[in-house]
Amino acid sequence: MYRNHHFVPCLHCHPHSYIRMVQHLIERCLLLHMSRDQCIKALAEHAGIRPLVTLTVWRELQKENKDFFRAYFHSISPRPFMRRSIDQRAPRFTRRKRWM
């Protein structure tokens, strides 16, 4: 007898299971260093989850795990180059002194 091991819960029939599934998928997106918008788009395209549902679950996770998300957003945010001031930098192109 065939048993389906990949049960996909229904939002209306099994809301708790559905929300847990969305939470699990969001956690997988976090492991892939995805932004919130990338995660929402990926779950909509690949798992058929409505963006509003993903956004709601994301916000609840963020509310419950403030420190984690603060560190997460800091780790995935693009950083500007740490540039020294022009006076402190060595010139990039200089003429070489000749030995003559």
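**Student:** Report on the pattern of salt bridges, specifying residues and quantitative values.
**Tutor:** Counted by the stated rule, this structure contains three salt bridges. Here Glu60 makes a salt bridge to Lys63, at a shortest N to O gap of 3.1 Å. Of the two residues, Glu60 and Lys63 both sit in helix α3 (residues 51-64), three residues apart, roughly one turn of that helix. For Glu60, a relative accessible area of 35% translates into the label partly exposed. A salt bridge links Arg70 to Asp67; its shortest N-O distance comes to 2.9 Å. Note that Arg70 and Asp67 are positioned in helix α4 (residues 66-76) at a spacing of three residues, about one turn of the helix. The class for Arg70 is exposed, based on a relative accessible area of 55%. According to the relative accessible area criterion, Asp67 is exposed, its value standing at 58%.

**Student:** Kindly report on the packing of helix α1 (residues 15-31) against α3, identifying the contributing residues and their values.
**Tutor:** With their axes 10 Å apart at the nearest point, α1 and α3 run at an angle of 75° to one another. On the basis of their axis angle, the class for α1 and α3 is roughly perpendicular. The residues of α3 that touch α1, namely those facing Tyr18, Ile19, Val22, Gln23, Ile26 and Leu30, are Val53, Thr54, Val57, Trp58 and Leu61.

**Student:** Give me unusual backbone geometry: which residues, what numbers.
**Tutor:** In terms of backbone geometry, most residues other than glycine have negative phi values and most peptide bonds are trans. Residues other than glycine seldom take positive phi values, yet His33 does so here, at roughly 60°. With relative accessibility at 54%, the residue His33 sits in the exposed group.

**Student:** Could you give an account of the environment of Thr54, naming the residues involved and the relevant values?
**Tutor:** Of note, Thr54 is situated in helix α3. Note on Thr54: relative accessible area 0%, which makes it buried. For the pair formed by Thr54 and Asp37, sequence separation is 17 residues and the distance between their alpha carbons is 9.8 Å. Residues within four places of Thr54 in sequence aside, it is in contact with Val22, Ile26, Cys39, Ile40, Leu43 and Ile49.

**Student:** Report on the packing of α1 against helix α2 (residues 36-47), specifying residues and quantitative values.
**Tutor:** In contact at an axis separation of 10 Å, α1 and α2 are set at 125° when each is read in the N-to-C sense. Judged on the interaxial angle alone, α2 and α1 are oblique. Seen from above, α1 lies across α2 with right-handed handedness. Contacts between α1 and α2 involve Leu25, Ile26 and Cys29 from the first element and Cys39, Leu43 and Ala47 from the second. Classifying every residue of the contact of α1 with α2 by side-chain character gives six nonpolar, no polar and no charged.

**Student:** So what's going on with the packing of aromatic side chains? Residues and values would help.
**Tutor:** Summed over all chains, the structure comprises five aromatic pairs. Geometrically, the ring pair formed by Phe68 and Phe69 is edge-to-face, given 5.3 Å between the ring centres and 85° between the ring planes. Note on Phe68: relative accessible area 43%, which makes it partly exposed. Phe69 sits in the buried class, given a relative accessible area of 3%. A ring pair is formed by Phe69 and Phe73, whose centres lie 5.9 Å apart and whose planes are at 45°; its orientation type is tilted. In this pair, Phe69 and Phe73 both sit in helix α4, four residues apart, roughly one turn of the helix.

Rules used in this analysis
Residues numbered from 1 in each chain as written. Predicted model: local features only at pLDDT ≥ 70, side-chain atom pairs only at ≥ 80, totals over all residues. Heavy atoms only, no water. Salt bridge = Lys/Arg side-chain N within 4 Å of Asp/Glu carboxyl O. Helix = DSSP H or I, 4+ residues; strand = E, 2+ residues; numbered from the N terminus. Buried < 20%, exposed > 50% of the residue type's maximum accessible area, 1.4 Å probe, protein only. Axes fitted to C-alpha atoms, helices over the stretch in contact; angles between N-to-C directions. Parallel < 35°, antiparallel > 145°, perpendicular 65-115°, else oblique. Contact = heavy atoms within 4.5 Å. Left-handed = near helix turned anticlockwise from the far one by under 90°. Nonpolar A, V, L, I, M, F, W, Y, C, P; charged D, E, K, R; others polar. Phe/Tyr/Trp six-rings, centres within 6.5 Å; stacked < 30°, edge-to-face > 60°.

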